[in-house]
Structures are given as structure tokens and as C-alpha cells.
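# A closer look at the structure
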Amino acid sequence: MKTLVNTSLCYIEKDNCYLMLHRTKKENDYNHDKWIGIGGKFENGESPEDCVIREVNEETGLTILPENLEYCGIVTFIDESKPEVYTEFMHIFRTRTFSGQLLKDCSEGELEWLPISKLKEIPHWPADEIFYDFLAENHPFFSLKVIYKNNVLMETKLSGLPYDHWKK
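Now for a quick tour of the structure. (Residues numbered from 1 in each chain as written. Predicted model: local features only at pLDDT ≥ 70, side-chain atom pairs only at ≥ 80, totals over all residues. Heavy atoms only, no water.)

### Focus on the packing of aromatic side chains
Put simply, the test is: Classification of ring pairs uses Phe, Tyr and Trp, with its six-membered ring standing for Trp, and accepts pairs whose centres are within 6.5 Å; under 30 degrees between planes counts as stacked, over 60 as edge-to-face, and the remaining range as tilted. A helix here means a DSSP run of H or I that spans at least four residues, while a strand means a run of E at least two residues long, and both kinds are numbered starting from the N terminus. Charge-over-ring placement is defined geometrically: NZ (Lys) or CZ (Arg) within 6 Å of the ring centre, and within 35 degrees of the ring normal.
Applying the stated criterion across every chain, the model contains 14 aromatic pairs. The interplanar angle of 75° and the centroid separation of 6.1 Å between the aromatic rings of Tyr-11 and Tyr-132 together place this pair among those described as edge-to-face. Taken together, the positions of Tyr-11 in strand β1 (residues 3–14) and Tyr-132 in helix α2 (residues 128–136) put the pair 121 residues apart, joining distant regions of the chain. Ring pairs connect the aromatic residues Tyr-30, Phe-77, Tyr-86, Trp-125 and Tyr-148, which therefore count as one cluster. Between Lys-14 and the ring centre of Trp-113, over which it is positioned, the NZ or CZ distance is 4.6 Å.

Set out below in C-alpha cells:
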């Protein structure tokens, strides 16, 4: 049986930093101890934008508006280490405009403004570095496929071609 999940992630930018979530609090968290953008799973009937707006507000207390979202790309995240192949479609957003007060406590971990230049130095999924670069370069909309097995990055494809093809 295959598992298909849709999620949205938002990279909220301020003063050359992203608001990042260090996932430390949830039990059986697939992202345990990794730093990720703000987001989560779609609820029934949600669009990628609906999901990311709701998740940002729930996890951070901040409000973002659809007109201030940049839909940057989609990452097809595949984990082949389970008996059933897990596939997650991660819709990646960025915003530089938000309002509200940052929550002091998040139920999923610690929130912290981290310098964009330091993101590759903290615990993260290895393929995240590709879209960190794309965000920094204002890369056009991208479709990235990443395949992991036992937390090891096995394969990356950009627009259907091996990622190395694009680095030439």
C-alpha cells in the first residue's frame, strides 16, 4: 500500500533570516531533531495556500496573506525504507510580509530566526540544501524529486532529470 501526503512549508524571511522550527516535541515525529520551515499537512478541502496560511498561524501565531505568498516550487519526497512507499508532495512557499506576535511556545518544537547563510550548518534533510539555494537565488518555480532510504538521500531529480544534469 502506498501512502500519499500533501504538505505546505513556508520560509518566512526577515533581516536575512528565516523563521525555522526545530522539531523536538512531537512523539514519533518523522522530522525529529531537524530544522524545517513552517508548515504541515493539508486538511480536507485545503489548497496549498490555505494549508500554509493555517499552519503558519497555528505554529507561530503570525498571519500571512495569500497576496504576500510566493509559491516557489514542489518537492516530491519519497521514503523507500518503509514496507509501503511513503510519498509526500511538499508545496514550498516564501513570504517577506507577515503580521502578529510570534508565539513563545510551539507545540512541535522551538521557533528561531536563523541566518539564511547558516541553514546548511544545522540538522536538516540533505536535499533541503537544493531548495535553500533556489530560494536564495529567486529561482523560477521548480519541481524537485528526492528519494531517501533509511534517512540517506539516494536520488535527486529536477524537472524530471538527474539533478547533476543541471549543475553542468
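That covers the picture; the talk isn't over yet.
### Topic: α2
Because each turn of an α-helix spans 3.6 residues, side chains separated by three or four positions end up pointing in the same direction. As a reminder, the rule being used: Working definition: with a 1.4 Å probe on protein chains only, accessible area under 20% of the residue-type maximum means buried, over 50% means exposed, and in between means partly exposed.
Buried within α2 we find Asp-128, Ile-130, Phe-131, Tyr-132, Phe-134 and Leu-135. Remark: Asn-138 follows α2 within two positions and exhibits a positive phi of approximately 50°.

### Thoughts on the nonpolar core
Stated formally: In plain words, nonpolar cores are sets of buried Ala, Val, Leu, Ile, Met, Phe, Trp, Tyr and Cys residues tied together by side-chain atoms within 4.5 Å. Here a residue-residue contact requires only that any non-hydrogen atoms of the pair lie within 4.5 Å.
Formed by 29 residues in total, the largest nonpolar core has its most connected members in Tyr-11, Met-20, Val-75, Ile-92, Phe-131 and Phe-142. Those elements that provide at least two residues to this core are β1, β2 (17–23), β3 (35–36), β5 (70–79), β6 (86–95), α2 and β8 (142–149). Residue contributions to this core peak at five residues, all from α2. If near-sequence neighbours (up to four positions away) are discounted, Met-20 is found in contact with Tyr-11, Trp-35, Ile-36, Gly-37, Ile-38, Glu-110, Leu-111, Glu-112, Leu-114, Leu-119 and Tyr-132. Formed by 13 residues, the second largest nonpolar core is a distinct cluster that contains Leu-21, Val-52, Ile-64 and Leu-69.

### Comments concerning the layout of surface pockets
Gaps left between atoms are located by rolling a probe of water-molecule size over the structure's atoms. Filter applied, for reference: Whether a set of points on the 1 Å grid over the protein atoms alone is a cavity depends on a 1.4 Å probe fitting there but being unable to get out, while an open set qualifies as a pocket with protein on both sides within 12 Å along at least five of seven lines; lining residues are those with an atom within 4 Å of a point. Grid points are joined across faces, edges and corners, and a volume is the space filled by probe spheres set on the points. Nonpolar residues are Ala, Val, Leu, Ile, Met, Phe, Trp, Tyr, Cys and Pro. Charged residues are Asp, Glu, Lys and Arg, and all others, Gly as well, are polar.
What the largest pocket holds in volume is close to 510 Å³. In terms of lining residues, the largest pocket is bounded by 32 residues, among which Thr-7, Arg-23, Asn-31, Lys-41 and Glu-88 are the most central. Listing elements by their share of the lining of the largest pocket, those giving two or more residues are β1, β4 (38–41), α1 (48–60), β5, β6, α2 and β8. With six residues, β1 is the largest single contributor of residues to the lining of the largest pocket. For the lining of the largest pocket, the class distribution of residues is 15 nonpolar, seven polar and 10 charged.

### Notes on unusual backbone geometry
Backbone geometry at Asp-33 places phi at a positive 70°, although glycine is not the residue there. On the secondary structure map, Asp-33 appears in the loop between β2 and β3. Look at Asn-150: it is not a glycine, yet its phi comes out positive at around 55°. Asn-150 sits in the exposed class, given a relative accessible area of 56%.

### What to know about the environment of Val-85
One can find Val-85 in the loop between β5 and β6. It is 17 Å that separates the C-alpha atoms of Val-85 and Asn-31, two residues lying 54 residues apart in sequence.

### Observations regarding the environment of Lys-41
Mapped onto the fold, Lys-41 is located in strand β4. With 41 residues separating them along the chain, Lys-41 and Lys-82 place their C-alpha atoms 20 Å apart. Ignoring sequence-local partners within four residues, the contact set of Lys-41 consists of Val-5, Asn-6, Thr-7, Glu-46, Cys-51, Arg-54 and Glu-55.

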